[in-house]
Structure formats: structure tokens, C-alpha cells
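Coordinate analysis (summary)
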Amino acid sequence: MSEQNDTVFGKIIRGEIPSDKVYEDDDVLAFQDLNPAAPVHILVIPKKYIVNAFDAEEDDAELLGKVVLAAKKVAIDQGLEEDGFRLVINNGEGVGQSVFHLHAHVLGGRSFSWPPG
Ligand code: AMP
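First, a word on scope: everything that follows refers to the structure included in this document. Computed from a prediction, not measured in an experiment: that's the story for all the values here.

1. Quick word on the layout of surface pockets
Its volume calculated, the largest pocket comes out at about 370 Å³. Lining the largest pocket are 20 residues; nearest its centre among them are Phe9, Asp33, Leu34, Asn35 and Leu43. A breakdown of the residues in the lining of the largest pocket according to their chemical character gives nine nonpolar, nine polar and two charged. In this model, the second largest pocket occupies a volume close to 320 Å³. If you trace the second largest pocket, you find 13 residues lining it, with Arg86, Val88, Leu107, Phe112 and Pro116 closest to the centre. Considering only residue class, the lining of the second largest pocket consists of six nonpolar, five polar and two charged.

2. Re the sheet that holds strand 2 (residues 28-32)
With antiparallel pairing, five strands are arranged side by side in an open sheet as 1-2-3-5-4. One side of each edge strand has no neighbouring strand; the edge strands of this open sheet are strand 1 (21-24) and strand 4 (86-88). Going from strand to strand, the sheet's axes swing by 20 degrees on average, the running direction of each strand aside. When strand 3 (residues 40-46) meets strand 5 (residues 104-108), the two strands line up antiparallel, connected through five bridges. When the bridges of strand 5 are listed, isoleucine 42 appears paired with valine 106. The sheet contacts of helix 2 (residues 61-77) involve strand 1, strand 2, strand 3, strand 4 and strand 5, and relative to strand 3 the element is tilted by about 155 degrees.

Conventions we followed
- Residues numbered from 1 in each chain as written.
- Predicted model: local features only at pLDDT ≥ 70, side-chain atom pairs only at ≥ 80, totals over all residues.
- Heavy atoms only, no water.
- 1 Å grid on protein atoms, 1.4 Å probe; cavity = no way out; pocket = protein on both sides within 12 Å on 5 of 7 lines; lining within 4 Å.
- Points joined across faces, edges and corners; volume = space filled by probe spheres on them.
- Nonpolar A, V, L, I, M, F, W, Y, C, P; charged D, E, K, R; others polar.
- Pairing = 2+ DSSP bridges.
- Helix = DSSP H or I, 4+ residues; strand = E, 2+ residues; numbered from the N terminus.
- Axes fitted to C-alpha atoms, helices over the stretch in contact; angles between N-to-C directions.
- Contact = heavy atoms within 4.5 Å.

Rendered as C-alpha cells:
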């Protein structure tokens, strides 16, 4: 995906708009969701521009693993190890993706139903 990342998360990565960061390394960034849907609601994103899982390639396998491991770290830092957390990636407008830069929602701190709505 070589085109300019004009999404709000692209702007956060470039520092053009602020975010409440909780974790960052060379490849991954995690920050508080602006409209939390749970007591803990943090977004973990790859710094590389990937639209969603449909846009991911074999070469992105390690990076996507880093997203999951960063989510684990964030969840532990937030004290969710005992009660657990939900890790959600919406892929496509039809299932609720509203920002078209891949992001994993780390959700916790309340009970969750299944199947998700
Ligand atoms: P999704 O609907 O899966 O694409 O999730 C997008 C998420 O991004 C939503 O939970 C929004 O609340 C969140 N969001 C949108 N803009 C911002 C922002 N500037 N900073 C933090 N979170 C944001």
C-alpha cells in the first residue's frame, strides 16, 4: 500500500494530530480510543499503512504478530490478565470499520456477550 495515508491514524503516526499513547516501538503504536466502548479501550496499530486484513500480505505476517504481542503487553499493563480482554479487528465498512488503517481494539474491564453484535 504505497499511497498517502490520509486516515486519522496516519495523522496520529505522523504526529499531525494528538493521541494519548500508551505504547510505542519502531513498528507499532497503541493509544486510547477517543470514544471508549469499555473501561479499557485501546487501539493498537501497525505504523505501516495497511488498510485492513484484506490488504495484508505474506510479508506482513511478522508485523501482524507484533500487533498481537503489543496488544498482550497493553492488556497486561492495564491489569486485564486475570479477567481477560477482547481483541477485535473490523475489516470493511459492512462490519463497522470506520478508520481505514488496520487497528486492533483492546477491550476490557467489563463483561462481554457472545456472539458480538
Ligand atoms: P473501527 O470502527 O473499528 O474502524 O474503529 C475506529 C475507532 O477509532 C473507533 O473506536 C473510534 O472511536 C476511534 N477513533 C477515531 N478517531 C480517533 C482519534 N483521533 N483518536 C483515537 N481514537 C479514534
